Each structure stands twice: as structure tokens, then as C-alpha cells.
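# Fold and contact review
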Amino acid sequence: MEDPRTEVIQAWYMDESDEDQRLPHHREPKEYVSFDRLNELGVLSWRLDADNYETDEELKKIRAERGYTYVDFCDLCPERMPNYEQKIKNFFEEHLHTDEEIRYCVDGSGYFDVRDENEKWIRVWVKKGGMIVLPAGMYHRFTLDSDNYIKAMRLFVGEPVWTPYNRPHDELPARKEYLDTFIKKEASNHAVNAAA
């Protein structure tokens, strides 16, 4: 049975082109990335009922389990956001946060790009109903797709801190912890598999 998340979240390795960031940037041939692979890198994902987010029991359960007490909404589109082009440019600058980044797409769509253990970009396309969590310390960036619109719920544990640390910020404890938890483990798993 197909994973229901595939309707609202897809991921693939990106090409090296510097064409418009809002294009899909698939490699040729296309190279999709599984949810298991995203999990290995610390990226969590869910498919939720975006039409009923106020009353959705599954969202309430996730928030309770993960301690997400703060919620607000971010409407990104040229008509509603002052300095839209500059904001989109800033979001696309590679950065990390010292806390998780939690985004639930309740309308529209956008791309979250994350690095794998070999520094290759993986593009995660999140559409209405998709929710993802990027771990603290993971380098990433965001852009809209060619539809130029997303309405995202931002969740946070406690008081929100949205500070982006543009790369390089490898000295931050959150970065070291991310590398120890996910990347070093990944590298040793691949070495074991290669030797087998």
C-alpha cells in the first residue's frame, strides 16, 4: 500500500543548475528520496487534514507528544508579503536554527531543501496537508515553487526563536549535536553496508 504522505510530500536529489529556484530542479534521470531516507537525516513528516486543522485530533496528538505549544501562520505570496522578493531571497540563503523548524502546509506549496551527509541537496516538496520537521542544526533553505503561494502553520516548543544562522555556523552546539546524532551515524551505517 502506498504511503499516504506521497500525495502531499515528495523528495528528490537536485541538479546543479542555477536556473530559477522555483523550478523543480530534478536530476536526469529523476532520483527520488524515500521517507525512510529523510528520517535517517532527521526529517520527520506527516500527512494531515489541512481543511480541518483547528479540530484535527492527529495534529493535537502530535503537538502534545512533541510539546509544540506555540502556533502562528505565515502567508507567503507576492500580494501579501511586503518586500516579497527580498524575503524569498533571504529564505533561500542556506542556514540552520538552534531549534527544530516545524512547518505544516495548510494551503499552497513550497520547497524545503536539505543537505544529505555528502552535502548534496535534497528538495522536499510540501503541499497542502503536508507537515515536516527539520531538526535543529540541519543546514537547509526554503523557496516557493512556481505557484508562488504557501500558507504555513509554524509550530514551536515554548517561546519562538526564528533566528537563522547562515552557513557557516559549524561551531554551534546544535550543529555538532545534529552531526553526532544523524550524519556520523549515517556515515558509519553506509561504511558497514559497503563492507557487507
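Note that the structure is predicted; figures quoted are calculated from it, not measured.

### Some points on the overall build of the protein
Along the protein, the regular secondary structure elements total four helices and ten strands. Each helix (α) and strand (β) of the protein, taken in turn from the N terminus, gives the series β-α-β-α-β-α-β-β-β-β-β-β-β-α. A globule of 196 residues ought to have a C-alpha radius of gyration of about 16 Å, and the protein, at 17 Å, matches this closely. With the principal axes as the frame, the protein shows a C-alpha extent of 50 × 40 × 40 Å. A buried classification covers 46% of the 196 residues belonging to the protein. Within the protein, contacts between residues at least 6 apart in sequence are counted, and of these 76% link residues at least 24 apart.

### What to know about the environment of Asp72
Within the secondary structure layout, Asp72 lies in strand β3 (residues 70-76). Note: C-alpha distance between Asp72 and Leu155 (83 residues apart in sequence) is 6.8 Å. Excluding anything up to four places from it in sequence, Asp72 contacts Ala152, Met153, Arg154 and Trp162. Polar side-chain contacts of Asp72 include one of 2.9 Å to the side chain of Tyr70.

### Here's the deal with helix α2 (residues 57-66)
In an α-helix, one turn spans 3.6 residues; hence positions three or four apart end up facing the same way. Of the residues that open α2, the one with a side-chain oxygen 3.1 Å from the backbone nitrogen of Glu58 is Asp56. Directly beyond the C-terminal end of α2, a positive phi value near 75 degrees is found at Gly67.

### Comments concerning the UniProt feature "binding site: Ni(2+)" (unreviewed entry) in the protein
As annotated in UniProt, the feature "binding site: Ni(2+)" (unreviewed entry) corresponds to His95, His97, Glu101 and His140 in the numbering used here. Across 46 residues in sequence, these annotated residues keep their C-alpha atoms within 11.4 Å of one another, forming a single compact spot. Along the chain, His95 falls in strand β4 (residues 95-96). Owing to a relative accessible area of 7%, His95 belongs among the buried residues under this scheme. Leave out the neighbours within four places in its chain, and His95 touches Glu101, Met138, Tyr139, His140, Arg141, Pro164, Tyr165, Asn166 and Arg167.

### Details of the UniProt feature "binding site: Fe(2+)" (unreviewed entry) in the protein
The UniProt entry lists His95, His97, Glu101 and His140 under the feature "binding site: Fe(2+)" (unreviewed entry), expressed in the numbering used here. Polar side-chain contacts of His95 include one of 2.7 Å to the backbone oxygen of Glu93. Those residues in contact with His140 that lie beyond four places of it in its chain are Glu93, Glu94, His95, Leu96, His97, Glu101, Asp113, Val114, Trp121 and Leu134.

### Thoughts on the side chain of His140
Here His140 is to be found in strand β8 (residues 140-144). In terms of polar contacts, His140 uses its side chain to reach the side chain of His97, at 3.5 Å.

### Details of the environment of Leu76
Inspection of the secondary structure assignment puts Leu76 in strand β3. Separated by 31 residues in sequence, Leu76 and Asp107 have C-alpha atoms that sit 10 Å apart.

Rules of the game
- Positions within a chain are numbered from 1, following the residues in the order the chain's sequence is written.
- Only residues with pLDDT of at least 70 get local features here, since the model is predicted, and only at 80 or more are side-chain atom pairs given and counted; chain-wide, interface and lining totals rely on the full set of residues.
- To obtain the side-chain values, all non-hydrogen atoms of the structure were used and water was disregarded.
- The helix and strand labels rest on DSSP assignments: H or I over at least four residues marks a helix, E over at least two residues marks a strand, and numbering proceeds from the N terminus.
- Taken over C-alpha atoms, the radius of gyration is set against a globule rule of 2.2 Å times the number of residues to the power 0.38.
- Burial classes follow relative accessibility: with a 1.4 Å probe on protein chains only, a residue under 20% of its type's maximum area counts as buried, one over 50% as exposed, and anything between as partly exposed.
- The contact definition used throughout considers only heavy atoms, calling two residues in contact when any of these lie within 4.5 Å.
- For this analysis, a polar contact is any N or O atom pair within 3.5 Å, provided that within protein one partner can donate a hydrogen and the other can accept it, and provided that sequence-adjacent residues contribute only side-chain to side-chain pairs.
- UniProt positions are given in the numbering used here, feature names are shortened, and annotations may be inferred rather than shown by experiment.

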